[in-house]
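Structural description and commentary
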Protein chains: 2
Amino acid sequence: MKISCLQENLNKGVTTVSRLVSIKGTLEILSHILISTENGRLKLSATNLEMGINYKVGAKIEKEGSITVPAKLFSELISQLPLGKIDLEEKDETLYAKIDGFNSQIKGLSSEEFPLIPKIKEKKIISVTAGELKDAIQMVFFSAAPDETRPVLSGIYFKVEKLKIYLASTDSYRLSEKIINLKEKETSIKEIIIPAKTMIELSRVLDDPEKIVNIYINETQIMFETDDFEITSRLIEGKFPDYKQIIPTGAETKAVLDKDKFLSVIKVASLFSRDTAGSITLNFSTKGKIEVIASGSQYGETDSTCDAEVTGKDSDIIFNSKYILDVLNNLPSGNITLEISGKLNPGVLKKEGDKDYTYVIMPLRA
Amino acid sequence: MKISCLQENLNKGVTTVSRLVSIKGTLEILSHILISTENGRLKLSATNLEMGINYKVGAKIEKEGSITVPAKLFSELISQLPLGKIDLEEKDETLYAKIDGFNSQIKGLSSEEFPLIPKIKEKKIISVTAGELKDAIQMVFFSAAPDETRPVLSGIYFKVEKLKIYLASTDSYRLSEKIINLKEKETSIKEIIIPAKTMIELSRVLDDPEKIVNIYINETQIMFETDDFEITSRLIEGKFPDYKQIIPTGAETKAVLDKDKFLSVIKVASLFSRDTAGSITLNFSTKGKIEVIASGSQYGETDSTCDAEVTGKDSDIIFNSKYILDVLNNLPSGNITLEISGKLNPGVLKKEGDKDYTYVIMPLRA
């Protein structure tokens with residue numbers, strides 16, 4: 001292999017694929033990235049066996065070929081090099097990198113040892129813009145379960161039906177659902193479950209909102225493809241909870257309030273709920289406010305007020321502050337609505353003007 | 001105690017003193033900060049028994065008094081509150097903090113439990129501007145030994161003699177010396193050794209370069225004082241090595257080169273010297289360059305060139321890359337000089353145009 005490309009493009013690609021590499025893994029080859037040539041471009045690949053990425057960088061190919069190199073060393077090296085044209089050459093399983101006064105050689109491993117990142121050959125199922133997909137992921141990823149005690153809960157539910165994509169996640173304490181509206185009729189997809197980690201990695205790579213993302217699916221895997229990359233991931237087996245049934249319809253009390261102001265009030269309350277399982281009380285008052293109280297901590301207590309347009313019944317409810325922080329930290333600025341129906345029923349948080357987003361929080365018992 | 005002050009000023013003060021607080025200490029009171037009133041201002045105090053800080057914040061004092069509160073909770077709370085006037089009141093060992101819709105109470109401990117931070121009453125020894133002192137600390141702190149195997153090496157040597165302040169540190173592998181020139185005659189100080197941690201903390205607090213820092217010393221302690229704060233620290237007992245004798249006079253080879261370009265070459269070489277004890281070879285060539293080579297690593301090797309105006313003999317030497325990175329990372333941009341006399345003698349690095357700074361590096365054997 002002998003190629004040249006721009007340091008800035010290579011650096012972006014290497015940084016992107018390196019995030020997937022496990023430093024601590026037992027298989028040495030998985031701490032490497034595969035560098036190869038494909039259709040006149042340089043292709044960087046990494047995989048952790050659960051998911052894999054191929055990322056393409058514009059390059060001048062003098063000689064086709066491939067090699068794998070340790071991801072950490074290679075990405076640190078490329079990031080330290082100056083801007084400009086960099087020459088890469090493979091000889092005897094060593095990669096030679098040259099740019100403007102810097103000559104380095106990295107010992108690699110044969111590309112034959114590198115696990116295949118499967119490309120899904122089935123027909124494309126659906127296309128969506130990167131911007132819509134990235135926003136949707138950001139609004140649902142945080143309510144997936146962080147561990148795999150119940151594997152289905154560590155994933156993001158994904159379904160395509162009647163011009164809509166449904167994304168949802170729940171750790172059984174709270175639930176997020178975001179719907180993306182499609183303009184053209186697409187093939188339906190019965191529900192599948194995608195690992196949340198795959199979706200988080202995907203959303204990081206989606207940096208140009210105008211790009212089109214094509215999605216391919218087979219029995220066990222999903223592939224997201226743009227003209228710059230392919231991300232392939234296993235799917236999670238199992239049945240996602242029938243979450244639709246727990247989304248409340250109607251509410252006794254409804255508040256409209258500013259997201260950022262509410263966030264600071266909740267942040268302050270969360271400081272005083274660390275030793276009380278995150279427990280904070282929200283008092284909805286039709287006098288135009290929500291009072292947020294954290295008490296019972298050995299460290300002290302706090303009582304703050306957030307202006308809110310409250311309609312319906314005066315009411316109060318106890319939530320885990322973490323579950324409110326998570327959603328507020330991931331929503332853009334602007335108004336939100338918060339609806340409750342007494343102490344024992346789940347609350348519903350929405351973005352004002354976005355009927356396609358729903359966040360449901362289970363209350364805590366007093 | 002009942003006072004009011006601006007959130008922004010309080011936040012700056014609390015952030016500053018909280019850095020000294022040990023979270024993991026065995027004495028609960030040391031994880032607290034002392035809040036008290038003094039001469040019409042609010043005084044925030046923290047100590048780790050080795051050093052202590054008093055930081056003053058402008059405030060309206062309605063009633064004098066004092067209390068201690070957990071540093072972590074208090075600093076997180078203050079940083080989350082909105083800008084504006086905050087009211088603080090102490091009642092029954094609880095601190096009440098109020099601002100614009102936020103009411104919080106933090107349970108404290110009696111201020112009588114808080115260790116006294118001694119003020120040194122001896123006559124002022126010396127005054128220096130904060131800017132000069134901060135720059136000097138930044139140029140010497142990193143060569144102090146990180147552990148206390150030999151306590152004197154974990155400190156910064158400090159001496160005042162004939163209109164000069166000498167600061168120096170060495171871990172026995174390299175040495176930094178910076179001289180501050182005084183305008184007015186000051187009392188001489190025979191050498192003392194100040195913990196490097198104290199000096200690092202001091203340099204963080206010195207944010208206005210024009211401020212005057214007064215220095216007081218007694219047998220066992222030093223105090224740095226401005227109109228905003230006092231930092232008091234124990235001194236390290238013992239005798240600092242006679243470092244002057246190891247600073248080479250004259251050199252066989254001298255190079256003048258750009259600091260930032262040299263830094264990138266050394267950074268790249270350091271990547272390939274992680275498994276070879278940091279070992280990198282510098283080849284000085286009177287053809288106008290220094291070649292930096294890292295070889296012998298199991299991961300590969302690198303060979304880079306930095307333009308340099310080299311005079312004297314062509315020569316080479318092996319250094320630990322870490323010791324060069326440390327100094328380059330702490331010097332401002334501009335030209336530096338690097339002088340060596342063969343493979344076995346220490347090298348000397350200086351900032352061009354600054355005859356008052358000297359960095360000496362011991363070579364490694366091949």
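Each remark here, short or long, concerns the structure printed above.
Residues numbered from 1 in each chain as written. Chains lettered and ligands numbered in written order. Predicted model: local features only at pLDDT ≥ 70, side-chain atom pairs only at ≥ 80, totals over all residues. Heavy atoms only, no water.

Quick look at helix α6 (residues 321-329) of chain B
All names here are of chain B. Along α6, seven of the nine residues are buried, which leaves the element largely enclosed by surrounding structure. Burial in α6 covers these residues: S321, Y323, I324, L325, D326, V327 and L328. At the N-terminal boundary of α6, the capping side chain belongs to N320, with an oxygen 2.9 Å from the backbone nitrogen of K322. (Buried < 20%, exposed > 50% of the residue type's maximum accessible area, 1.4 Å probe, protein only. Helix = DSSP H or I, 4+ residues; strand = E, 2+ residues; numbered from the N terminus. Polar contact = N/O pair within 3.5 Å; in protein donor to acceptor, adjacent residues only side chain to side chain.)

Things to note about the pairing of strand β2 (residues 32-38) of chain B
All names here are of chain B. Of all seven residues in β2, six are buried; the element is thus mostly enclosed. In terms of strand pairing, β2 meets strand β6 (residues 66-70) through five bridges, oriented antiparallel. Bridging across to β6, H32 finds its partner in P70. Note that β2 and strand β3 (residues 41-47) share five bridges and pair antiparallel. Bridge pairing in β3 places E38 opposite R41. (Pairing = 2+ DSSP bridges.)

A look at the sheet that holds β3 of chain B
Residues and elements named next belong to chain B. On the basis of which strands lie adjacent, the open sheet formed by eight strands has the order β6-β2-β3-β4-β17-β16-β15-β10 and antiparallel pairing. A single partner strand is all that each edge strand has here, and the edge strands are β6 and β10 (126-129). In this sheet, adjacent strand axes meet at a mean angle of 20° when their direction is disregarded. When β10 meets strand β15 (residues 212-217), the two strands line up antiparallel, connected through four bridges. In the strand pairing of β15, S127 is matched with N214. With respect to the sheet, helix α1 (residues 7-18) is in contact with β2, β3 and β4 (51-58), its orientation differing from that of β4 by roughly 180°. Along the sheet, helix α3 (residues 130-140) makes contact with β10, β15 and β16 (221-225), crossing β10 at roughly 85°. (Axes fitted to C-alpha atoms, helices over the stretch in contact; angles between N-to-C directions. Contact = heavy atoms within 4.5 Å.)

Quick notes on the environment of E113 of chain A
All names here are of chain A. You can see E113 is positioned in the loop between β9 (102-107) and β10 (126-129). With a relative accessible area of 49%, E113 lands in the partly exposed category. Separated by 46 residues in sequence, E113 and I67 have C-alpha atoms that sit 9.8 Å apart.

Focus: the relation of the copies chain A and chain B
When chain A is fitted onto chain B, the two copies agree to an RMSD of 0.0 Å after a turn of 180° and an axial shift of 0.0 Å. What the rotation and shift describe, once combined, is the action of a two-fold rotation axis. Measuring from the rotation axis to each C-alpha of chain A, the shortest distance belongs to K24 of chain A, at 14 Å. The overlap is high: 100% of the interface residues of chain A also sit at the interface in chain B, so the same surface is used on both sides. (Least-squares fit on C-alpha atoms with pLDDT ≥ 70 in both.)

Considerations on the pattern of salt bridges
Evaluated as defined, the whole model comprises 52 salt bridges over all chains. Note that D171 of chain A is salt-bridged to R174 of chain A, the shortest N-O span being 2.7 Å. (Salt bridge = Lys/Arg side-chain N within 4 Å of Asp/Glu carboxyl O.)

Quick look at the side chain of S4 of chain B
Looking at the secondary structure, you find S4 of chain B in strand β1 (residues 2-6). Classification of S4 of chain B as buried rests on a relative accessible area of 10%.

Regarding the interface of chain A and chain B
With 29 residues of chain A in contact, the opposing surface of chain B contributes 29 residues. Summed over both sides, the interface between chain A and chain B buries roughly 2500 Å², with carbon and sulfur atoms accounting for 57% of that surface. Our enumeration of links across chain A and chain B arrives at two salt bridges. Between R274 of chain A and E76 of chain B there is a salt bridge, and its shortest N-O distance comes to 2.8 Å. Between chain A and chain B we count 14 residue pairs in polar contact (both at pLDDT 80 or more) in total. Counting only elements with at least two residues in the side of chain A that touches chain B, the list comes to α2 (71-80), β9, α5 (259-271) and β21 (300-307) of chain A. Residue classes in the side of chain A that touches chain B are distributed as 10 nonpolar, 12 polar and seven charged. (Buried area = accessible area lost by both parts, 1.4 Å probe. Nonpolar A, V, L, I, M, F, W, Y, C, P; charged D, E, K, R; others polar.)

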